[in-house]
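# Observations on chain architecture
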Amino acid sequence: MLVFARRCGLSGEEYKFRINEKIKNGENSMASRSEMNKKPQSDKLVAKRRKCLMCMDEFQSSHIGERVCPDCKGTSTWRQTGIAI
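Quick caveat: nothing in here was measured; it's all calculated off a predicted structure.

When you go through the protein residue by residue, the secondary structure sums to five helices and two strands. Counting from the amino terminus, the protein carries its helices and strands in the arrangement α-α-α-β-β-α-α. When burial is assessed residue by residue, the protein has 14% of its 85 residues classed as buried. Considering only contacts in the protein between residues 6 or more positions apart, those separated by 24 or more positions represent 3%. Accessible surface, the protein as shown: approximately 7,400 Å² in total, 54% of it carbon and sulfur.

Rendered as structure tokens:
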């Protein structure tokens, strides 16, 4: 902090005073930076149409992990095997 203050031509106390004034006035630059650098929202919980991994028909999936349609999940092949076809 002192290195930056010296580069700006300010004493350490003057630099601290200016920073505190900016914070009091709502000019917190760190808050605005954190808003700009937020992680994008994941689409893992987004319901959308996906292709079934067994029959390749499209179905309405409720989340990213649902990849087999309800019709295929009701078959004996799905219930009895642990291996994807």
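Enumeration over the complete set of coordinates arrives at one salt bridge. Of the charged contacts in the structure, one is a salt bridge between Arg 49 and Glu 58, with a shortest N-O distance of 3.6 Å. Residue Glu 58 is classed as partly exposed on the basis of its relative accessible area, which comes to 48%.

Attention shifts here to the side chain of Arg 50. Mapped onto the fold, Arg 50 is located in strand β1 (residues 48-51). For Arg 50, a relative accessible area of 7% translates into the label buried. Of the polar contacts made by the side chain of Arg 50, one reaches the side chain of Ser 61; its length is 3.0 Å. With residues up to four places along the chain from it excluded, the contact list for Arg 50 reads Asp 57, Glu 58, Phe 59, Ser 61, His 63, Ile 64, Glu 66 and Arg 67.

Moving on, we get to the confidence of the model for the protein. Chain-level pLDDT for the protein is 77 on average; 68% of the residues reach the 70-or-more range. Mean pLDDT per element in the protein: helix α3 (residues 29-36) is the minimum at 58, and strand β2 (residues 58-61) is the maximum at 94.

Our next topic: the pairing of β2. In summary, the side chains of a regular strand alternate between the two faces of the sheet. Alignment of β1 against β2, held across four bridges, turns out to be antiparallel. Residue Arg 50 lies in a different strand from β2, and its bridge partner there is Phe 59.

Time to look at the nonpolar core. Within the largest apolar cluster, five residues are counted, these being Cys 52, Phe 59, Val 68, Cys 69 and Cys 72. In contact with Cys 52, other than residues within four places in its own chain, are Asp 57, Phe 59, Arg 67, Val 68, Cys 69 and Cys 72.

Next up on the list: unusual backbone geometry. Positive phi, normally seen in glycine, also occurs at Met 56, with a value near 65°. Along the polypeptide, Met 56 turns up in the loop between β1 and β2.

Rules of the game
- Residues numbered from 1 in each chain as written.
- Predicted model: local features only at pLDDT ≥ 70, side-chain atom pairs only at ≥ 80, totals over all residues.
- Heavy atoms only, no water.
- Helix = DSSP H or I, 4+ residues; strand = E, 2+ residues; numbered from the N terminus.
- Buried < 20%, exposed > 50% of the residue type's maximum accessible area, 1.4 Å probe, protein only.
- Contact = heavy atoms within 4.5 Å.
- Areas by Shrake-Rupley, 256 points an atom, 1.4 Å probe, with all protein chains shown as cover.
- Salt bridge = Lys/Arg side-chain N within 4 Å of Asp/Glu carboxyl O.
- Polar contact = N/O pair within 3.5 Å; in protein donor to acceptor, adjacent residues only side chain to side chain.
- pLDDT = per-residue confidence, 0-100.
- Pairing = 2+ DSSP bridges.
- Core = buried A, V, L, I, M, F, W, Y, C linked by side-chain atoms within 4.5 Å.

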